[in-house]
Amino acid sequence: DLKATLRSSYALFDQPTLDRSSKKWAHRPMLFALSFFHALVLGRRKFGFQGFSRNYPFNNGDLTVCASV
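Parameters at a glance
Residues numbered from 1 in each chain as written. Predicted model: local features only at pLDDT ≥ 70, side-chain atom pairs only at ≥ 80, totals over all residues. Heavy atoms only, no water. Helix = DSSP H or I, 4+ residues; strand = E, 2+ residues; numbered from the N terminus. Contact = heavy atoms within 4.5 Å. Areas by Shrake-Rupley, 256 points an atom, 1.4 Å probe, with all protein chains shown as cover. Lys, Arg positive; Asp, Glu negative; His and termini not counted. Charge placed at Lys NZ, Arg CZ, Asp CG, Glu CD. Core = buried A, V, L, I, M, F, W, Y, C linked by side-chain atoms within 4.5 Å. Buried < 20%, exposed > 50% of the residue type's maximum accessible area, 1.4 Å probe, protein only. Expected span 1.5 Å × (residues − 1). Arc of directions from axis to C-beta. pLDDT = per-residue confidence, 0-100. Salt bridge = Lys/Arg side-chain N within 4 Å of Asp/Glu carboxyl O.

**Student:** Tell me what's going on with the overall build of the protein, and back it up with residues and numbers.
**Tutor:** Along the backbone of the protein there are four helices and zero strands. Seen in sequence order, the protein has helices and strands lined up from the N terminus as α-α-α-α. Each principal axis of the C-alpha atoms in the protein carries an extent, and together these give about 40 × 25 × 15 Å. Looking at the protein alone, contacts between residues at least 24 apart form 52% of all its contacts between residues at least 6 apart. Taken as a whole, the protein presents about 5200 Å² of accessible surface, with 60% of it coming from carbon and sulfur. Between the centroid of the 10 positive side chains of the protein and the centroid of its 4 negative side chains there is a distance of 6 Å.

Shown next, in the form of structure tokens:
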């Protein structure tokens, strides 16, 4: 379920993470978009790894590392 996965992905970011950037008007929407993309990728697992050139297990660590960059 995309909605549940999106909620769990976005819940990985605590309040200090959300407030960390000096450009808060752009930081929160970027984290939401990143969480949404992560939820979509995780949701596509049930269809196999079609469209990807390699088998890569996306996990929550990938999401948090991308957000810190």
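Still to come is the rest of the account.
**Student:** Pulling in residues and values, what's your account of the nonpolar core?
**Tutor:** Formed by Phe-13, Leu-18, Leu-31, Leu-63 and Ala-67, the largest nonpolar core amounts to five residues. Setting aside its immediate chain neighbours within four residues, Leu-18 contacts Tyr-10, Phe-13, His-27, Arg-28 and Leu-31.

**Student:** Describe helix α3 (residues 24-43), listing the residues and the values that go with them.
**Tutor:** The end-to-end C-alpha distance of α3, which contains 20 residues, comes to 28 Å, matching closely the 28 Å that a straight helix rising 1.5 Å per residue would cover. Along α3, the residues that are buried comprise His-27, Leu-31, Ser-35, His-38, Ala-39 and Val-41. Taken end-on, α3 shows its buried residues confined to a sector of 160 degrees, consistent with a single buried face. Exposed residues on α3 whose side chains face more than 90 degrees from its buried face are Trp-25 and Phe-37. The elements touched by buried residues of α3 are α1 (2-10), α2 (15-18) and α4 (60-68).

**Student:** Provide a residue-level description of the confidence of the model for the protein, including the pertinent values.
**Tutor:** Per-residue confidence for the protein gives a mean pLDDT of 85, with 93% of residues at or over 70. Taken element by element, the protein is modelled with least confidence in α4, mean pLDDT 86, and with most confidence in α1, mean pLDDT 92.

**Student:** Explain the pattern of salt bridges to me, and be specific about the residues and the numbers.
**Tutor:** Using the criterion set out here, one finds one salt bridge in the structure. Note that Asp-19 and Arg-28 form a salt bridge whose closest N and O atoms lie 3.0 Å from each other. Owing to a relative accessible area of 31%, Asp-19 belongs among the partly exposed residues under this scheme. Residue classification places Arg-28 among the partly exposed positions, given a relative accessible area of 32%.

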